[in-house]
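# Understanding the architecture of this molecule
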Amino acid sequence: MIKRLVVIGNGMAGIKCVEEIISLEPERFQITIFGAEPRPGYNRVLLSKMLQEESTFQHIVTHSWDWYEENGVKLQAGERVCRIDVATGMVETESGIQEPYDILVLATGSLPFMPSIPGVRKEGVIAFRDVNDCETMARYAKTYRKATVIGGGLLGLEAAQGLLNLGMETDVVHNAQYLMNRQLDRTAAVLLQRRLEQQGMRFHLAKDTVNIIGRNRAQRLVFADGNRLETDLVVLAVGIRPNIALAQDSGLTVNRAIVVDDYMRTSIPGIYAVGECVEHRGISYGLVAPLYEQAKVLAKVICGRETAPYEGTVPYAQLKVAGIHVFSAGNIREEGSEIAIMEYNGMQEIYKKVMMHAGNITGAILFGDTAESTSLLGMVRRGAPITELTSQNNSRSKAEDAAEVLPEGETVCACNGVSKGDILRAIATDKLKTVEEVKSRTKASGSCGGCRPLVAALVKNGLSRETASGPVVTPTAQEVVSVCGCTHYDHDSLKTAMVDAVCRTPEEVVSRLGWTRQQGCELCRPAVLYYLESLGLRNGSATNQLGIDVAVQSTVPYEGEVRSVGLSFTNLNAERRDCVDPAPIDQACGGVIWLRERLAAVWGSLSLPSPVAVAVSPGSEYPGGVLVHDIGISRSPAGWEVYAGGHAGHPVRQGLLLGLEENPEEVVLMAVTCLQIYRHSARYGEKMWEWIERTGVLALRESVLDATLRSELTGSLRSTMLTG
């Protein structure tokens, strides 16, 4: 007999439980999920990515609308359950929908904690909890300049970095003496603060906010010491509270959260609870890993399978913002414990501390290099003896060492519960060769991304010992990857072959270079069209050795159009509101406007291998975003600094300084020179930061700073600037 299973909550815990149930008993239950948000399942861990310009909601969706339909799950999206009739086994929504159940799972999650500060309900004061909050921040960034985050913990720093990426001046207010004070010691926190300040974040520590004032909306904060801080937007990130109102009204036993036993059973038979709304052995968790562990236990209980009880999770934290990597696990306090290992490299800003008690590992902090995080987390969880901390082999990276010694059953991806053995078997069975393939197959590194170095090490090590499915096969470091299955050429050899064979049309490329499919495919078609254009081959257009070709016509159909990509300019809200008309170029505000307009005019509509985002800032007081864009230009006391290769997404990369120029015209030409070299030498689809990492920044810097070469590269474009 098919049982009716109802899940209240479409968040990460609830949907993980359903996913596990479907994998165990796909035909046993009629499943209905109620979600208060009008959206499919998404990864809240990646919400901060939505604040980065290249990310959209689709990037963080974990279960599409099609997934529910394909698995026979009825999703009632945008329906908030307001009542549970325990006597009749029925749930009811605010809109009047009634759904009977045989088994009920509460996965109601948590709500942002709203402190009792006067003015906290004003317009312009929001939490950072869901997609709506991200959309609100993005909307404010288009109009306003100053943002303040209250809360210097994990969530607050992620919100602050997102606001910086949106171009807002961002202050962080924290009531403790140092950042992430629950997860870090003072040494690590100082390193973190220093790095974030370099990115443009400003901090107000040991400050208690006592009032949020403003006539129609939030305009300033008032602190207990009497100081004030002007702001346009206030983001609260001071914690969460379990969402237990529905459980309370239904007669379930609750304390701080819904009380459950080791098998996620509540005080009423047939009703279970999982996730942030749960209190287990007196503890409520707000991290993904324990939620997923609970979901796996609950799925087996509901399906009638034998399972080990859920016995709790060692808390840990992982932060990755602006290229900064921080990890903390277990008890990191020195009270009652001893320091087993402490390493500090001030030059490289790398810090490691491992704590122990009675000879067993109890906690760890890593800053800068977190390659050992997964292995250390496993040791903390097991209370491993300190002797397990093996010395590092200088010929290998820490990640490779950690991958080698990690037990096969140890969890690598805590967010998705993927072990080392799972990854090795997937590599062997499906002949996976890259981290992205492993992520697609196993979900390892697919959530927070903290385990990516270890996954990469498992692939790179090429562990050849036998697993349950056979030997692991990995590619060599020098392996050449072809553009697609239509050809044996890789991107570099394809460009050379196209020039040697004097190919001027896609048809000539296909016939002269031995394509296996006459129409090509979605991978090679746009690449071929782009190379014909950037190399100046198509239609006989002239070009010099570096691919300067300002007369290229728009691309022609070749079973589809090449995506024409070029420059986009990020609004850093750098122009003050009184800068309506362009000011003289020696003034900061007018200089930004002039540089952006001239760079756009000079570059015109020339295509690039991958979209390039440009940010221009009038000075250090407007730092947000410049160092995490493909091209970043910032005014300094000595002139205009030009950076290249920044990236705000994963992996975060800080832009590298190319040079400094006083003359704004030369600043434009310096940026254009960089773009010209990138346009000619990069592979199609290769982002600027990837290109710079592959080819090195020194040669690029020498070329950009060479006045003669710069003039040669930009000679045909100078007239545009002079007449613009």
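So, how was this worked out
Residues numbered from 1 in each chain as written. Predicted model: local features only at pLDDT ≥ 70, side-chain atom pairs only at ≥ 80, totals over all residues. Heavy atoms only, no water. Pairing = 2+ DSSP bridges. Helix = DSSP H or I, 4+ residues; strand = E, 2+ residues; numbered from the N terminus. Axes fitted to C-alpha atoms, helices over the stretch in contact; angles between N-to-C directions. Contact = heavy atoms within 4.5 Å. Buried < 20%, exposed > 50% of the residue type's maximum accessible area, 1.4 Å probe, protein only. pLDDT = per-residue confidence, 0-100.

## So, the sheet that holds strand β9 (residues 103-106)
Strand order in the open sheet formed by five strands is β5-β2-β1-β9-β21, with parallel pairing between adjacent strands. The open sheet has two edge strands, β5 (73-77) and β21 (271-273), and neither has a second partner. Across the sheet, the mean angle separating the axes of adjacent strands is 20° when strand polarity is ignored. For strand β1 (residues 3-8) and β9, the ladder comprises four bridges, and the chain directions are parallel. Its bridge partner lying in β9, Val-7 is registered against Val-105. Running at roughly 165° to strand β2 (residues 29-35), helix α1 (residues 12-24) makes contact with β1, β2 and β5 of the sheet. Lying over the sheet, helix α8 (residues 288-302) contacts β1, β2, β9 and β21, oriented at roughly 165° with respect to β21.

## Here's the deal with the environment of Gln-519
Here Gln-519 is to be found in the loop between α15 (506-512) and α16 (524-534). Residue class for Gln-519 comes out partly exposed when judged on its relative accessible area of 41%. Considered as a pair, Gln-519 and Pro-506 are 13 residues apart in the sequence and their alpha carbons are 9.1 Å apart.

## So, the pairing of strand β26 (residues 350-357)
If a strand is regular, its side chains alternate between the two faces of the sheet. β26 sits mainly inside the fold: six of its eight residues count as buried. Examined bridge by bridge, strand β25 (residues 338-345) and β26 share seven bridges and lie antiparallel to one another. The residue of β26 that forms the bridge with Asn-345 is Ile-350. Hairpin connection between β25 and β26: a loop of four residues separates the two successive antiparallel strands, and Glu-349 in this loop has a positive phi of roughly 55°. With seven bridges connecting them, β26 and strand β27 (residues 360-367) associate as antiparallel partners. Across the sheet, residue Met-356 finds its bridge partner in β27, namely Ile-361.

## Digging into unusual backbone geometry
Positive phi outside glycine occurs at Ala-206, with the angle close to 55°. Its place among the elements puts Ala-206 in the loop between β14 (202-205) and β15 (209-213). Its relative accessible area of 40% is what places Ala-206 among the partly exposed residues. The backbone of Val-502 shows a phi angle near 50°, a positive value even though the residue is not glycine. As for its placement among the helices and strands, Val-502 is situated in the loop between α14 (491-500) and α15. Its relative accessible area of 40% is what places Val-502 among the partly exposed residues.

## Considerations on the sheet that holds β26
Backbone-to-backbone hydrogen bonds join strands into a sheet, with any given pair of strands oriented parallel or antiparallel. Taken in spatial order, the five strands of this open sheet run β23-β24-β27-β26-β25, and their pairing is antiparallel. Strand pairing shows two members of the sheet lacking a second neighbour, β23 (316-321) and β25, which therefore form its edges. Neighbour-to-neighbour, the strand axes of the sheet open up by a mean angle of 10°, direction not taken into account. Sheet strands touched by helix α6 (residues 186-198): β23, β24 (324-330), β25, β26 and β27. Its angle to β27, the strand with the most contacts, is close to 20°.

## What to know about the confidence of the model for the chain
Averaged over all residues, the pLDDT of the chain is 82; the fraction at 70 or higher stands at 84%. Averaged over each element, pLDDT in the chain is lowest for strand β30 (residues 466-467) (37) and highest for β9 (98). Segment residues 573-587: pLDDT under 50, and 30 contacts once partners within four positions in sequence are set aside and those in other chains are kept. Across residues 720-724, where pLDDT falls below 50, the model places eight contacts with residues more than four positions away in sequence or in other chains.

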